[in-house]
Amino acid sequence: MAKRRRQGSGAQGRAEDALAPVRDDTPTIQWFPGHMTKARRIVEENLKLVDVVIELLDARIPMSSENPMLTEIIQDKPRVVVLNKSDLADSRKTKDWVAYFASKGIAAVAVDANKGRGLKQLVRKVEELAKPKTDKFVKAGGRPRAARCMILGIPNVGKSSLINRLAGAARTKTADKPGVTRAKQWIHIGRSLELLDTPGILWPKFEDPHVGLKLAFTGAINDTIYDLEQVVILLLETLLRDYPDRLRERFKLQDMPASGEELLALIGKKRGCLQKGGVVDLDKAQHIVMTEFRSGKFGAITLDPVPPMADSDAREAAHH
């Protein structure tokens, strides 16, 4: 279960500070199922089989859904970042994130795997990044072959949905639960692409508790391992700060409450979550907030701000 701990409020000048929600009693959330250790080993064993790594991130939380171990694991292997669930994210901020990755020399593509948006651009980018390897293979006397890639990402960022859309059929079991894609398999995407599916990887410890919190907001972490009420209240306070108009519109609010606790109770009243004596059923209200937020009913929202770019990086990104 999650534990509450007080966080220091001093400015530390770190990039992670931009992730901080509005309160300093952020719960510490840790989750590292046993199959994740095996997943890392499988990735390391099979990395030599592929030309390109596709890193799948949640467009709403690109920084929080990154895996800190991934760069260490893939080393100098060509990589393309996919910002999935872009339909749920603020489109202006998604463009800023694409530019940010470009400034770091990393190709990034915004994708909506459920509707198939951005997939052609993704396939082209993978083929482009794989071309030096496939050309070298042919020059060495090998037969022309498809570009080979693997998709890596933390649980519940849409790996199975992306694979199914690319393959044109439900080739892997999909579910809105973290860690459901397990077994290794090769999937042929037309003639131009071969995909090695591997389990998503989640790091063994959340170094920054705010990262774990945002993963809880979006459903990347199993809801059973933390205090749902505390997390919902922190989500509402974050939205009160960053997207008050979305809350006002969604719940037809006239005056905005001052705190997440007050807002949760008000939402419960407005949605009829009442017990005997008119007491608000907070459990029902919590599930309404989480379900509607995760499904995009609050509108397009991005929770991770784009880190500032140096002027030279910004100019370089503008030319991509």
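Above this text sits the structure in question.
Values in this document were obtained by computation on a predicted structure and should not be read as measured data.

*Asks:* Any chance you could break down the packing of helix H7 (residues 228-242) against helix H10 (residues 282-294) for me, citing the residues and the numbers?
*Replies:* The contact between H7 and H10 brings their axes to 10 Å, and the two run at 55°. With respect to H10, the element H7 is oriented oblique. You can see that H7 and H10 cross each other, and the crossing is left-handed. Contact residues: H7 offers Leu228, Glu229, Val231, Val232, Leu235, Leu236 and Leu239, while H10 offers Leu282, Gln286, His287, Val289, Met290 and Phe293. Split into classes, the residues belonging to the contact of H7 with H10 amount to ten nonpolar, two polar and one charged.

*Asks:* Just give me the short version of the pattern of salt bridges, but keep the residues and values in it.
*Replies:* Enumeration according to the criterion identifies 14 salt bridges in this entry. A salt bridge links aspartate 51 to lysine 133, with the shortest nitrogen-to-oxygen separation between them at 3.5 Å. Remark: lysine 133 occurs in helix H4 (residues 119-139) and aspartate 51 occurs in the loop between helix H1 (34-46) and strand E3 (52-58); sequence separation between them is 82 residues. We classify aspartate 51 as buried; its relative accessible area is 3%. In this structure, aspartate 304 engages lysine 214 in a salt bridge whose closest nitrogen and oxygen atoms are separated by 3.2 Å. On the criterion of sequence distance, the pair formed by aspartate 304 in the loop between H10 and helix H11 (311-318) and lysine 214 in helix H6 (residues 209-218) is long-range, its members being 90 residues apart.

What counts, and at which threshold
- Residues numbered from 1 in each chain as written.
- Predicted model: local features only at pLDDT ≥ 70, side-chain atom pairs only at ≥ 80, totals over all residues.
- Heavy atoms only, no water.
- Axes fitted to C-alpha atoms, helices over the stretch in contact; angles between N-to-C directions.
- Helix = DSSP H or I, 4+ residues; strand = E, 2+ residues; numbered from the N terminus.
- Parallel < 35°, antiparallel > 145°, perpendicular 65-115°, else oblique.
- Left-handed = near helix turned anticlockwise from the far one by under 90°.
- Contact = heavy atoms within 4.5 Å.
- Nonpolar A, V, L, I, M, F, W, Y, C, P; charged D, E, K, R; others polar.
- Salt bridge = Lys/Arg side-chain N within 4 Å of Asp/Glu carboxyl O.
- Buried < 20%, exposed > 50% of the residue type's maximum accessible area, 1.4 Å probe, protein only.

In short, shape yes, function no, at least from these values alone.
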